[in-house]
Every structure is written in C-alpha cells, then in structure tokens.
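So the chains spell out like this:
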Amino acid sequence: VLWILLCWCAAGVSQGMVDAEYFFDQDPGAGKGTPVSITPGNTVNLQLTAAVNALSPGFHTLAIRFRNSEGRWSLLQYRSLYIMGAPADMPGLQAAEYFIDQDPGPGKGVALASLPSGSSSAMMATIPTESLAPGFHVLAIRVKDASGNWSHFASRTFYLSALSNTIHQIVAAEYFVDTDPGVGKATVIQVPSPVNPLSGNFACATPQGLSAGQHFLYIRVKDDQERWSNWSLDTFMVDNTLPVTGMQLAGYGKPDGNLMEWHTLTENNSSHFEVERSDNGTQFYPIGKISASGNSQQRIRYAYTDKQWKLPTHFYRLKQVDRDGAVAYSNIITVIRQDGRHGLRLYPNPARGSLLQFETGMAEGPFIVSMFDAGGRLVSNVKTLQRQLNIAGLQPGQYFITISNGHQQWQASFLRQ
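For the structure given in this document, a descriptive report is provided here.

About the criteria used
- Residues numbered from 1 in each chain as written.
- Predicted model: local features only at pLDDT ≥ 70, side-chain atom pairs only at ≥ 80, totals over all residues.
- Heavy atoms only, no water.
- Helix = DSSP H or I, 4+ residues; strand = E, 2+ residues; numbered from the N terminus.
- Contact = heavy atoms within 4.5 Å.
- Areas by Shrake-Rupley, 256 points an atom, 1.4 Å probe, with all protein chains shown as cover.
- Buried < 20%, exposed > 50% of the residue type's maximum accessible area, 1.4 Å probe, protein only.
- Pairing = 2+ DSSP bridges.
- Phe/Tyr/Trp six-rings, centres within 6.5 Å; stacked < 30°, edge-to-face > 60°.
- Axes fitted to C-alpha atoms, helices over the stretch in contact; angles between N-to-C directions.
- Polar contact = N/O pair within 3.5 Å; in protein donor to acceptor, adjacent residues only side chain to side chain.
- Salt bridge = Lys/Arg side-chain N within 4 Å of Asp/Glu carboxyl O.

### Here's the deal with the overall build of the chain
The secondary structure content of the chain amounts to zero helices and 32 strands. Sequence-distant contacts in the chain: of pairs separated by 6 or more residues, those separated by 24 or more amount to 59%. Counting every atom, the chain has about 24,600 Å² of accessible surface; 51% of that belongs to carbon and sulfur.

Structure representation (structure tokens):
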C-alpha cells in the first residue's frame, strides 16, 4: 500500500467552507467523491492522506473540491502523481541504443551490446567518433524493456579535439582593451602574410577616454583553419608617473617554491612591493610584501619565493606602492610547474652548459620544440627525435618551451645562466 501526503490552501467564499471531497482521474460528480474532514472557515489548510493502493502503475491525477455552507461546490484543484510498480512487475531490459547530436527516433539509433536480463543493467561501450567534426557534441543513450517500451534518453556532452602534426599558419590577429567585444570584432592587427609564430613590435592604439590607472591589453590570433586562439594579456598604465623605473618581473619554479625576481633602475620615495598571485590571470590577491629601497639611482635586485603555490600554473605580478600611496603594477608572468612523471621536466635548471635535457614521461617522439624568450619572441622551432636541446647560443635570462608530439603538448620554463 502506498500513501501520499499533500498540502492545500484554498480560499473560500463569504459563507465559508464546510466540507471537501477528492477523487482520482475520473470525476464521479459533485458530492460523490471520497469525503474529507475539514475545519469550516473561509480559508482551509488541508493535509490529505489518500490511499493509492488501488491505482495501477503510471501517471494519475488527484482532484479536490470544497463545498460552502450554502451547498455550492468549488472548482476543482489538481495534482499529478506517478505510481511506481513493484520491481517484480517491471519488465526486464531488452535492448539499448545511442545517437549523437540528432535523435533519429526510438529504435532507429545505433544498437549497443546485448543487456543482461533484469530491470536494471550496467554496461560499458565503445562509441566511435571518427566521423564527427571537432567541437562539442551530445551523446544520448536509451533502453527498451521486454514490453517494447523505450525509455527517455540520458545524455552527456563531450568535446572532440582536432589533433594534428600540422602547425597551422596565423592569418589574422586582433586586440582589445579591458572589455572583450567578441571574437573577430576587436581591433585588427595586420598580419602581412601567413606565418607561425607571429612575432614583432605592434602599435596598439589605446581607446579614447581611458581613465588614469591600470588597464588590460588582450591579444588573440586566428589560424588558416578559421580557428581563434584564447587571448593573451598584459597590463599597462595610463597617465601615471611611476615612482620606480626598470621594474620587470621574471619567475620560474624551483623545488622549494615559485621564485620571483625583479630589479629597479631608479626609485623615488618608493615604500614597498606587494607580490600578487592569480589562478586565472585576471583576479589577483596579495601573497607577500617586500620593503623597497626608497630612493636610489642604481640597479637594485629583489626576490620573493612563493612556497604556498597550489596549482601547476599560477600568474604573478608586482604592486609597487609609493610612500604617498600611489601604486603601479608590473608585467604579468606565468609560472608553470610540471610533474616529471607525467609532464615536462627540464634539467639542468638553471642551465649553464650548452645542452638542455627534457623528459616527457612515457611519450614518444618525434617532438616539435618551440622556444620563446621572456618577451614572448620565438627563439627556435625545431623537430627532433632527441630529448636534448642545444642552447649554446642563448643569452642569459628566462625562456619558455612548448613541446608537442602531435598528440600531447607540454610547457615549462628554464633559466639560462
């Protein structure tokens, strides 16, 4: 026996409600339903316990109405309910099928392996995706019982990535300040001819009316397959006389934490530096404070180690604070840490000799290795079967490496001494 507990609140007429009745599915007529005891009044808060053991499995409708002291019945109020059959009454599963994106109709999907008998089943299946275009898709699966009834489908979204050994050419670029107008709608950066990578000095005009203070510059590119990249960003200041010159932040991962290094060429009434960290490159929070020299006309070096890093990739910047409260921000840097068992490990790091070794776990080559300096300019781009790089001609400084074997991609940085 199943029972259902419902709550009703019904507004009565001026004469007040004196009794009520209910029925399931078919209206037997006013006054012929199952009576319900109520407390007479203009408003009734009703808790109804109704027996449903006589109802067959499936959807049903519960209706209730009220009668006032003049003998007039109200309009019906309805609630829907579903009665589950006992497990023994539920037919076993007989078949299963799937479709991707478009529903061909029950029974017209791609059949899956035979299901074990019973009213429930767990299974594993391999779904081919060779014919699908790169991008987002929806996989849907439904089952049929022994009575020939198909279930609703359950669906999951997945993303199909296009993996290729081909390095596509950059054919377009654009930039925007602070607010993204949408892909393909920002200010155009001229690309003379298809190229990869795109490097050089580009003039980016600042929009009129920019307020004084810090702003964000975003740049993205499009390849010859009409695919836009994610944006890269940096910060700049408008109408702000910096109390410090030469402040340029660099950083890399070390065994004891993420090391930040910077120097100043001149300082005028500078108070301190606040090291700020971000998990997404846009929202920063302070993690450390370093006192500044105050006044200086010579190069002064500073360093700070973030020993509380949590993610493989963090973004950092400096907030320089003057003694009168004025602030300025440095460039934003990215520090990427990799687990040598599964990611990319470079050694020795810092590098002092002519060769730099790298490990990529169990991945197999050949590898396409791209090396960039701290300013983002391409230094070299080679294809190799070896797990070592010749760095004899590199100047001292920080460098970033991207390595791909056509199926996986790794990134890391190293310091050349």
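### Some thoughts on the pairing of strand E27 (residues 355–359)
By the alternation rule, side chains of E27 split into Leu 356 and Phe 358, which are all buried, and Leu 355, Gln 357 and Glu 359, of which none is buried. Where strand E26 (residues 345–347) meets E27, three bridges bridge the pair, whose relative direction is antiparallel. Bridge assignment links Tyr 347 to a residue of E27, and that residue is Gln 357. Looking at chain direction, E27 and strand E30 (residues 388–390) are connected through three bridges and run antiparallel. The partner of Gln 357 across the bridge, within E30, is Gln 388.

### Looking at the packing of aromatic side chains
We describe a pair of aromatic rings using the distance from one ring centre to the other and the angle between the two ring planes. Counted by the stated rule, this structure contains 10 aromatic pairs. Centre to centre, the rings of Phe 176 and Tyr 218 are 4.7 Å apart; their planes meet at 10°, and the pair counts as stacked. In this pair, Phe 176 is assigned in strand E11 (residues 170–177) and Tyr 218 in strand E13 (residues 213–223), connecting sequence segments 42 residues apart. When sorted by exposure, Phe 176 lands in the same class as Tyr 218, which is buried. Plain terms: the ring middles of Tyr 218 and Trp 231 are 4.8 Å apart, the flat faces sit at 85° to each other, and that makes the pair edge-to-face. With a gap of 13 residues between them, Tyr 218 in strand E13 and Trp 231 in the loop between E13 and strand E14 (232–238) connect regions that are remote in the sequence. Given the relative accessible area of 34%, Trp 231 is considered partly exposed.

### A short note on the sheet that holds E14
The strand order across the open sheet formed by four strands is E12-E11-E13-E14, and the pairing between neighbours is antiparallel. Only two strands of the sheet have a single neighbouring strand rather than two, namely strand E12 (187–189) and E14. Neighbour-to-neighbour, the strand axes of the sheet open up by a mean angle of 30°, direction not taken into account. Two strands pair when backbone bridges link them, and E13 and E14 are joined in this way by seven bridges, in the antiparallel orientation. Paired with Phe 216 across the strands is Thr 235, a residue of E14.

### Examining the sheet that holds strand E18 (residues 266–268)
Reading across from one edge, E15-E18-E21 is the order of the three strands in this open sheet, with antiparallel pairing throughout. Of all strands in the sheet, those with a lone pairing partner are strand E15 (244–245) and strand E21 (295–296), marking the two edges.

### Some points on the side chain of Ser 296
Looking at the secondary structure, you find Ser 296 in strand E21. Among the residues examined, Ser 296 registers a relative accessible area of 9% and is labelled buried. A distance of 3.2 Å separates a polar atom in the side chain of Ser 296 from the backbone nitrogen of Gln 298.

### Section: the environment of Ala 250
Following the sequence through the fold, Ala 250 ends up in strand E16 (residues 250–254). Take Ala 250: its relative accessible area is 25%, and that puts it in the partly exposed class. Each C-alpha atom of the pair Ala 250 and Thr 334 lies 8.8 Å from the other, and the pair is 84 residues apart in sequence. Excluding residues that lie within four positions of it along the chain, Ala 250 makes contacts with Leu 259, Met 260, Glu 261, Ile 333 and Gln 398.

### Notes on the pattern of salt bridges
A complete count under the given rule lists 12 salt bridges for this structure. The closest approach of N and O atoms between Arg 67 and Asp 19, which form a salt bridge, is 2.6 Å. Here the residue Arg 67 occupies a position in strand E5 (residues 58–68), and Asp 19 occupies one in strand E2 (residues 17–24), the gap between them amounting to 48 residues. The partner of Glu 226 in a salt bridge is Lys 222, and the shortest N-O contact between them spans 3.2 Å. The buried category is assigned to Lys 222, whose relative accessible area is 17%. It is possible to trace a salt-bridge network through shared partners that takes in Glu 21, Asp 27 and Arg 65.

### Comments concerning unusual backbone geometry
With omega at -5°, the peptide bond leading from Tyr 347 into Pro 348 counts as cis. Position of Pro 348 among the secondary structure elements: in the loop between E26 and E27. Cis geometry marks the peptide bond from Asn 349 to Pro 350; its omega dihedral reads 10°. As for its position among the elements, Pro 350 is in the loop between E26 and E27. If you check the backbone angles, Asp 101 has positive phi at about 75° while not being a glycine. Even without being glycine, Asn 269 reaches a positive phi, approximately 60°. Relative to the helices and strands, Asn 269 is located in the loop between E18 and strand E19 (270–278).

### Quick look at the side chain of Glu 276
Of note, Glu 276 is situated in strand E19. Polar contacts involving the side chain of Glu 276 include one to the side chain of Arg 317, which spans 2.7 Å. Not counting the four nearest positions on each side in its chain, Glu 276 is found in contact with Phe 284, Tyr 285, Pro 286, Phe 315, Tyr 316, Arg 317, Lys 319 and Tyr 329.

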